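Structural features, examined
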Amino acid sequence: MTQAEITGTVPGARSMISMKRVNKHFGDLHVLRDIDLEIATGQVVVMLGPSGSGKSTLCRTINRLEPVDEGTIAIDGVPVPAEGRALARLRSDVGMVFQSFNLFAHKTVLDNVMLAPVKVRRIDKTKAKERALALLDRVGIREQAEKYPAQLSGGQQQRVAIARSLAMDPKVMLFDEPTSALDPEMVNEVLDVMVNLAKEGMTMIVVTHEMGFARKAADRVIFMADGSILEDTDPETFFTAPSSDRAKDFLAKIL
Ligand code: ADP
Ligand code: MG
């Protein structure tokens, strides 16, 4: 891949996520500084950086869970609406999976996955169930469909959370440290699902410290520090020849 292909600056390439000169403050804290980011359709981007560098905030601005002070954000060519039904519609295009699984505790695994398609998309229940079971199968958890979240391991719950996001047919999936809360032996079962999703062509941003995932699945690594993107390159270059001292320092600590 050429650098232009990696950074999505190939003329005519379709951008799934486009951020232009995005700035955001929390009070006096300048948490996102002139973020310019184009992510091509089907691209898998791993986002790295020290704690507090703005990775979660950047992800949250993409579906406007955090409004920005300046700049523009578009998903699949459509500027993210400020509010209302248009925003809700756009949000359903952007699946999000966090560290905490946030499943509905009083609903079965199957109902967790069916809920949004039935309530928000008004999909027929029989169809929604069929599709939910297929998604649970895809994340390797179909046998647990009638159980409640508390009866599942953390890794299983996170796979349900991924299936639940996929049930809305998102164009983009954002993963914010999806394996950080898991016991080590459960990390791979979740990463495997994500690797498969990447292979199937999903556009993904993944905040993770799992370097194995970055090496296996990422087309591109973005390194953030103090609200700025300091490096934006392919994984091989990032891991073997990072250009900034901040990234060298970061890698020395985690590898
Ligand atoms: P990261 O995900 O890279 O660890 P975050 O995006 O969570 O970083 O946070 C970036 C900075 O913004 C941190 O200094 C954090 O304390 C601050 N921050 C995050 N969310 C809020 C908020 N809702 N209000 C005030 N400060 C916040
Ligand atoms: Mg974070």
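Residues numbered from 1 in each chain as written. Chains lettered and ligands numbered in written order. Predicted model: local features only at pLDDT ≥ 70, side-chain atom pairs only at ≥ 80, totals over all residues. Heavy atoms only, no water.

As named in an unreviewed UniProt entry, the protein is ABC-type polar-amino-acid transporter, taken from Rhodococcus xishaensis. Per its UniProt entry, the protein bears the Subcellular location (unreviewed entry) comment "Cell membrane". As recorded by UniProt, the Sequence similarities (unreviewed entry) comment attached to the protein reads in full: "Belongs to the ABC transporter superfamily." (UniProt positions renumbered as here; feature names shortened; annotations may be inferred.)

Turning our attention to the layout of surface pockets. Empty space among the atoms can be located by rolling a probe the size of a water molecule over them. When its volume is computed, the largest pocket comes out at roughly 580 Å³. Lining the largest pocket are 24 residues; nearest its centre among them are Val94, Met96, Ala116, Ser165 and Met168. Looking at the lining of the largest pocket, its residues break down into 14 nonpolar, 8 polar and 2 charged. (1 Å grid on protein atoms, 1.4 Å probe; cavity = no way out; pocket = protein on both sides within 12 Å on 5 of 7 lines; lining within 4 Å. Points joined across faces, edges and corners; volume = space filled by probe spheres on them. Nonpolar A, V, L, I, M, F, W, Y, C, P; charged D, E, K, R; others polar.)

For the rest of this paragraph, the subject is the pairing of strand S9 (residues 220-225). For S9, a buried count of 6 out of 6 residues is recorded, marking the element as mostly surrounded by other parts of the structure. Here strand S3 (residues 44-48) pairs with S9 via 4 bridges, running parallel. Considered in S9, the bridge of Val45 is made with Arg220. Bridging between S9 and strand S10 (residues 228-233) involves 5 bridges; their strand directions are antiparallel. Paired with Phe223 across the strands is Glu231, a residue of S10. Hairpin connection from S9 to S10: 2 residues lie between these consecutive antiparallel strands, with Asp226 at a positive phi of about 50 degrees. (Buried < 20%, exposed > 50% of the residue type's maximum accessible area, 1.4 Å probe, protein only. Helix = DSSP H or I, 4+ residues; strand = E, 2+ residues; numbered from the N terminus. Pairing = 2+ DSSP bridges.)

Right, let's get into the sheet that holds strand S7 (residues 172-176). Across the sheet, which stays open at both edges, the 6 strands sit in the order S6-S7-S8-S3-S9-S10 with mixed pairing between neighbours. Both outer strands of the open sheet, strand S6 (94-97) and S10, are each paired with one neighbouring strand and no more. On average, each strand axis in the sheet is tilted by 20 degrees relative to the strand beside it, whichever way the strands run. For S3 and strand S8 (residues 203-207), the ladder comprises 4 bridges, and the chain directions are parallel. Each residue of the ladder has a partner; that of Met47, found in S8, is Val207. (Axes fitted to C-alpha atoms, helices over the stretch in contact; angles between N-to-C directions.)

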